[in-house]
Amino acid sequence: MTGETPRPRGRQYGVWRTADVAERERYAYFREAVCEAFMDLSPEHERVGPFDAVVESIPLAAGAVNRVSGTPHHVRRTPAQIGRSAEQCYFLNLQLSSECVIEQRNRSVRLAPGQVALFASDVAFRIVHPPDEDMSVASFWLPRGLVEDALPGGAAPPICRVSDHPFLGPLIGAAARTLNRGARALDAEEGGLLLESLVRLSAGAAARRRNVDPGSARPALLAAVLEHVESRLDDPGLSVGSVAARFGISRRYLHKLFEPTGDSFSRHVLKRRLEQAASELTAPERARTPIAEIAFRNGFSDLSWFNRSFRAHFGATPRDIRRAAR
């Protein structure tokens, strides 16, 4: 990297729940929580009725992911607040539920659930959530130097919905969702690699590049592949060939993607199918579902293969596992 990445301000895990304070104090408590987790911002609440929200801040490598959910509200950052701030960053917002509109420099970007936007903290902005539905967002706090090192000439781009990029967008969305889900479980090295990959992909999308360095994209590509696999475990046709074709990569490169996990592609798929089947076998609502049906529901087309694999993985038969759960 060419520039120095400033260290975040002594970030520690924190969670603020307005339900923990008296109702008349909730909004003031929420404002303080937002400023503590993010920086100097001005939340605005217009909806009539009680206010309820949760703010959670999770350190992540050199940055953090801040989750906000609850009663819809607006957020403003003013030129005066920018002038008072010694620390600046980029925000990468992953909308989780409801919608929002982010306004900055006479531009507005609408985010639906699953969409991602990148914007700078040193330009005034306003985020508006519609009043009729509770909101939820995961906002990645990215050190300014980390982002600008990935931008051409270090120039700050205008606010951009980076998930729209035809080539990089799906990888950005998958990496953001993976980081959000696993923020507390990932170790420092894993989190750092995935965060840097997310930053480089987002910077590439903001600069309208068609692609980025394959090495820096690998963690995000693996996250996208894992997410794709997870959503299709019930498909008996899920294979190395079908997944490689879906992402436009060779089978060999797909195998290389899985090397850091310690599992091959096929072993990962088999393990996740067996884990899902075991979960269904022990679920009370599935107590009367035939074992064969559960096997077929989880992508197995051969019952004998399912039984052998299950016993090898768990050291017990499907029937044993179900009986023990009862």
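Residues numbered from 1 in each chain as written. Predicted model: local features only at pLDDT ≥ 70, side-chain atom pairs only at ≥ 80, totals over all residues. Heavy atoms only, no water.

Participant: Let's hear about the overall build of the protein chain: which residues, and what values?
Facilitator: In terms of regular secondary structure, the protein chain is built from 12 helices and 11 strands. With the C-alpha coordinates of the protein chain rotated into their principal frame, the extents come out at 70 × 50 × 35 Å. Taking the intrachain contacts of the protein chain between residues at least 6 apart in sequence as the baseline, contacts between residues at least 24 apart amount to 71%. Just so you have it, the protein chain exposes about 16,000 Å², and 49% of that area is on carbon and sulfur atoms. (Helix = DSSP H or I, 4+ residues; strand = E, 2+ residues; numbered from the N terminus. Contact = heavy atoms within 4.5 Å. Areas by Shrake-Rupley, 256 points an atom, 1.4 Å probe, with all protein chains shown as cover.)

Participant: Which residues make up helix 11 (residues 303-314), and what values do they have?
Facilitator: In this model helix 11 runs 16 Å from its N-terminal to its C-terminal C-alpha over 12 residues, within 8% of the 16 Å that 1.5 Å per residue would give. Taken as a whole, helix 11 has its buried residues at Phe306, Ser309 and Phe310. Taken around the axis of helix 11, the buried residues stretch over an arc of 105°, which confines them to a single face. Across helix 11 from its buried face, at more than 90 degrees, point the exposed residues Arg308, Arg311 and Ala312. Residues of helix 11 that are buried in the fold lie against helix 9 (265-281), helix 10 (291-297) and helix 12 (318-325). In this structure Asp302 caps helix 11, since a side-chain oxygen of it lies 2.9 Å from the backbone nitrogen of Ser304. (Expected span 1.5 Å × (residues − 1). Buried < 20%, exposed > 50% of the residue type's maximum accessible area, 1.4 Å probe, protein only. Arc of directions from axis to C-beta. Polar contact = N/O pair within 3.5 Å; in protein donor to acceptor, adjacent residues only side chain to side chain.)

Participant: Break down the packing of aromatic side chains for me, citing the residues and quoting the values.
Facilitator: This structure, assessed with the given rule, holds 11 aromatic pairs. Residues Tyr27 and Phe51 carry aromatic rings whose centres are separated by 4.9 Å and whose planes lie at 80° to one another, so their mutual orientation is edge-to-face. Placement of Tyr27 in helix 1 (residues 26-37) and of Phe51 in the loop between strand 2 (42-44) and strand 3 (53-60) is noted, with a sequence separation of 24 residues between them. Ring geometry for Phe91 against Phe125: centres 6.0 Å apart, planes inclined by 80°, an arrangement best described as edge-to-face. A residue pair is termed long-range when its members are at least 10 positions apart, and Phe91 in strand 6 (residues 89-97) and Phe125 in strand 10 (residues 125-128) qualify at 34 residues. Phe125 carries the same exposure label as Phe91, and that label is buried. Three or more aromatic residues joined by ring pairs make a cluster, and in this case those are Phe38, Phe91, Phe119 and Phe125. The residue whose ring lies beneath Arg184 is Tyr13, and the NZ or CZ to ring-centre distance is 3.8 Å. (Phe/Tyr/Trp six-rings, centres within 6.5 Å; stacked < 30°, edge-to-face > 60°. Lys NZ or Arg CZ within 6 Å of the ring centre and 35° of its normal.)

Participant: Which residues make up the nonpolar core, and what are the values?
Facilitator: One finds Leu142, Val162, Val225 and Leu254 to be the most contacted residues of the largest nonpolar core, which totals 54 residues. When near neighbours in sequence (up to four residues on either side) are disregarded, Leu254 contacts Val225, Val240, Val243, Ala244, Ile249 and Phe265. Core analysis: the second largest hydrophobic core is formed by 28 residues, Phe30, Ala37, Leu111 and Ile159 among them. (Core = buried A, V, L, I, M, F, W, Y, C linked by side-chain atoms within 4.5 Å.)

Participant: Let's hear about the confidence of the model for the protein chain: which residues, and what values?
Facilitator: When pLDDT drops low, the exact placement of atoms in the prediction is not to be read closely. Per-residue pLDDT for the protein chain has a mean of 90; in total, 94% of the residues score no lower than 70. Across residues 1-8, confidence stays below pLDDT 50; counting only partners more than four residues off in sequence or on other chains, it has 17 contacts. (pLDDT = per-residue confidence, 0-100.)

Participant: Residue-level account of unusual backbone geometry, with values.
Facilitator: Of note in the backbone geometry, Ser98 takes a positive phi value of approximately 60° without being a glycine. Of note, Ser98 is situated in the loop between strand 6 and strand 7 (100-104). Taking the relative accessible area as the measure of exposure, Ser98 reaches 5% and is therefore buried.

Participant: Can you tell me about the side chain of His129, naming the residues and giving the values?
Facilitator: For His129, the location among the structural elements is in the loop between strand 10 and strand 11 (135-143). Since its relative accessible area comes to 4%, His129 is described here as buried. A polar side-chain atom of His129 sits 2.9 Å from the main-chain carbonyl oxygen of His73.

Participant: Just give me the short version of the environment of Gly248, but keep the residues and values in it.
Facilitator: Secondary-structure assignment places Gly248 in the loop between helix 7 (240-247) and helix 8 (251-258). Along the primary structure Gly248 and Val116 are separated by 132 residues, whereas in three dimensions their C-alpha atoms are 23 Å apart.

Participant: Provide a residue-level description of the sheet that holds strand 9 (residues 116-120), including the pertinent values.
Facilitator: Read from one edge to the other, the open sheet built from six strands follows the order 1-3-4-11-6-9, with strand pairing classed as antiparallel. Whereas interior strands pair on both sides, the edge strands pair on one side only; in this sheet they are strand 1 (14-17) and strand 9. Pairs of neighbouring strands in the sheet enclose a mean axial angle of 15°, with direction left out of account. Here strand 4 (residues 63-70) runs beside strand 11; their pairing, made up of seven bridges, is antiparallel. Looking at strand 11, one finds that Val65 is bridged to Phe140. Contacting strand 1, strand 3 and strand 4, helix 1 runs over the sheet at an angle of about 15° to strand 3. (Pairing = 2+ DSSP bridges. Axes fitted to C-alpha atoms, helices over the stretch in contact; angles between N-to-C directions.)

Participant: Pulling in residues and values, what's your account of the pairing of strand 7?
Facilitator: Taking burial as the measure, the five residues of strand 7 include four buried ones, the bulk of the element. Connecting strand 7 to the next strand, strand 8 (residues 107-111), in antiparallel fashion are two residues, including Arg105 with a positive phi near 50°.

Participant: Break down the sheet that holds strand 8 for me, citing the residues and quoting the values.
Facilitator: On the basis of which strands lie adjacent, the open sheet formed by five strands has the order 2-5-10-7-8 and antiparallel pairing. What marks the edges here is a single partner per strand, and that holds for strand 2 and strand 8. Across the sheet, the mean angle from the axis of one strand to that of its neighbour is 15°, orientation sign disregarded. Bridging between strand 2 and strand 5 (residues 74-77) involves three bridges; their strand directions are antiparallel. Bridged to Ser42 within strand 5 is Arg76.

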